[in-house]
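One-letter residues, chain by chain:
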Amino acid sequence: VEVYPVSYDALAGADYLQQLVYIYTHAGEHEKAIDNLEYLLSIPSNVSVPVLRNDPAYDPLRFIVRVAGNGPILLLGQWGLPPSDISTFLSPSFLRLHWFGAIGFLALIGILIHPLVAREPMARFWCAGMVLSTMPVCAIFTSDRLLMYPGLGAMGLLAQWLSGPRYNANWVPSARWWRRTARVCGFALLGIHLIFAPLHFPFAAVVMKFVGQSLNTFYDTLPDDQAFAQQTAVFANSPACIADTLWIQARWADGRTIPRSTLNLSPSGAAASITRIDERTLVVRPHGGYLQPRGLHADSETPPPMSFRYQAQLLDMVVRSEARPMHLHETVDLPAVTIEITELTEDGRPAEATFRFRVPLEDASLRWLVAKDLRYDPFIVPGVGETVEVPSPLR
């Protein structure tokens, strides 16, 4: 925190300060933790009240469920294929197949390395380090970038296991089936880690660079005039609502203009119908409703097995967990608007929300924007009694 304060690095500094809050919490320094949380809530950061409510660090039972769900997928990404990142883009049915495949793969690896782990203390050290360091990263979405420390244990264990048959180590079983299976799996693992992984690494780096440049280009189309700093940015749609924190932090760090506040009318990646009731009121009906469950693809009769929208739906759960459903006529009061849930879907999620603004919709304090064709354009607010269709920004 002292090396990278928020004043030096707005992105990393806020993250380090959040980690310090965890330390203070577990150390019993609650006043210091609260003081730092209040500061993080007052600046652009990844910390918000909904995030704190949903943080698995404050819900051990839910954390155990996350370990059971994400752990096998992360370890499959570490030991074999496919990379764990792919799971965030899968539909629920394909995610289940991915999870069962990971369980089967890890069961095979467990059978093969059991003789080594049972007899060699060093192998138990590598194995324990791999498992224990995997558990904390299960709290967040699966990604191979989280596997640096699990990888140290996994690669030490793999190296010790591969060298055993070659040098006739005393732990190597004499059973023919084990030796044949180990030989096939050994060549497969060598191919994955010595051939595929080195080739995949620069490809993944290029993809990340391309994604980063595309996002920068996308967010550079946002207004940058001085009036924007005094306005509420109202987004008719959004690729991923949680991504707002990224461009706000980046702009703040660069000294560029950020809005006074932001408001998303639609859930991440969804198309919506927007109807104007009077001079200050909009009724918004996203296709598929709000708080969309992962895998919902309202604009398609046959949901694809993979989609960027599934990851956007997953990210929305960070803002509002499915464990905290919203109820009919529940209201949310914000400085610029009061939002009321005016209709529910069959499964109890908000189907329609009414936005009652404090000022007329044409007031200069509001800046209306819509995402389409990889850019933000001004959104023309409909007239009283009119309805407009807003497309999905992830088409």
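Note: the structure precedes this text.
Keep in mind that this is a model prediction, so the values were computed, not measured.

Chemist: How do you make sense of the packing of helix H1 (residues 10-26) against helix H2 (residues 30-42) when you look at a structure like this?
Modeler: Orientation of H1 relative to H2, taken along the N-to-C sense of each, is 155 degrees, at an axis distance of 8 Å. Classed by the angle they form, the pair H1 and H2 counts as roughly antiparallel. Every pair of crossing elements has a handedness; the one defined by H1 and H2 is left-handed. Residues Ala 14, Leu 17, Gln 18, Val 21, Tyr 24 and Thr 25 of H1 lie in contact with H2, whose contacting residues are His 30, Lys 32, Ala 33, Asn 36, Leu 37, Tyr 39 and Leu 40.

Chemist: What am I meant to see in a negative patch on the surface here?
Modeler: The grouping of Glu 29, Glu 31, Asp 35 and Glu 38 at the surface amounts to a negative patch. Along the chain, Glu 29 falls in the loop between H1 and H2. The class of Glu 29 is partly exposed, set by a relative accessible area of 36%.

Chemist: Is there a simple way to explain helix H4 (residues 60-79) in this structure?
Modeler: With 20 residues, H4 extends 27 Å between its outermost C-alpha atoms, agreeing within 8% with the 28 Å of an ideal straight helix rising 1.5 Å per residue. At Asn 70, H4 shows its strongest bend, of approximately 35 degrees, with the proline Pro 72 following within four residues. Burial in H4 covers these residues: Asn 70, Gly 71, Pro 72, Ile 73, Leu 74, Leu 75, Leu 76, Gly 77, Gln 78 and Trp 79. For H4, the secondary structure elements touched by its buried residues are helix H5 (92-119), helix H6 (121-137), helix H7 (148-166) and helix H8 (176-219).

Chemist: Got a minute to help me understand the sheet that holds strand E4 (residues 281-286) in this structure?
Modeler: Sheet strands pair by backbone hydrogen bonding; their relative direction is either parallel or antiparallel. One open sheet holds the six strands; their spatial order is E5-E6-E7-E4-E3-E10, and the pairing between them is antiparallel. Looking along the sheet, the strands with just one partner apiece sit at the ends: strand E5 (331-333) and strand E10 (387-390). Averaged over neighbouring strand pairs, the angle between their axes works out to 20 degrees when direction is ignored. Here three bridges tie E5 to strand E6 (residues 337-344), and the two strands are oriented antiparallel to one another. Bridged to Val 332 within E6 is Ile 339.

Quick notes on the rules
- Residues numbered from 1 in each chain as written.
- Predicted model: local features only at pLDDT ≥ 70, side-chain atom pairs only at ≥ 80, totals over all residues.
- Heavy atoms only, no water.
- Axes fitted to C-alpha atoms, helices over the stretch in contact; angles between N-to-C directions.
- Helix = DSSP H or I, 4+ residues; strand = E, 2+ residues; numbered from the N terminus.
- Parallel < 35°, antiparallel > 145°, perpendicular 65-115°, else oblique.
- Left-handed = near helix turned anticlockwise from the far one by under 90°.
- Contact = heavy atoms within 4.5 Å.
- Patch = residues over 30% accessible without salt bridge, like charges linked within 9 Å, V, L, I, M, F, W, Y side chains within 5 Å.
- Areas by Shrake-Rupley, 256 points an atom, 1.4 Å probe, with all protein chains shown as cover.
- Salt bridge = Lys/Arg side-chain N within 4 Å of Asp/Glu carboxyl O.
- Lys, Arg positive; Asp, Glu negative; His and termini not counted.
- Charge placed at Lys NZ, Arg CZ, Asp CG, Glu CD.
- Buried < 20%, exposed > 50% of the residue type's maximum accessible area, 1.4 Å probe, protein only.
- Expected span 1.5 Å × (residues − 1).
- Bend = angle between axes of the 7 residues up to and from the residue.
- Pairing = 2+ DSSP bridges.

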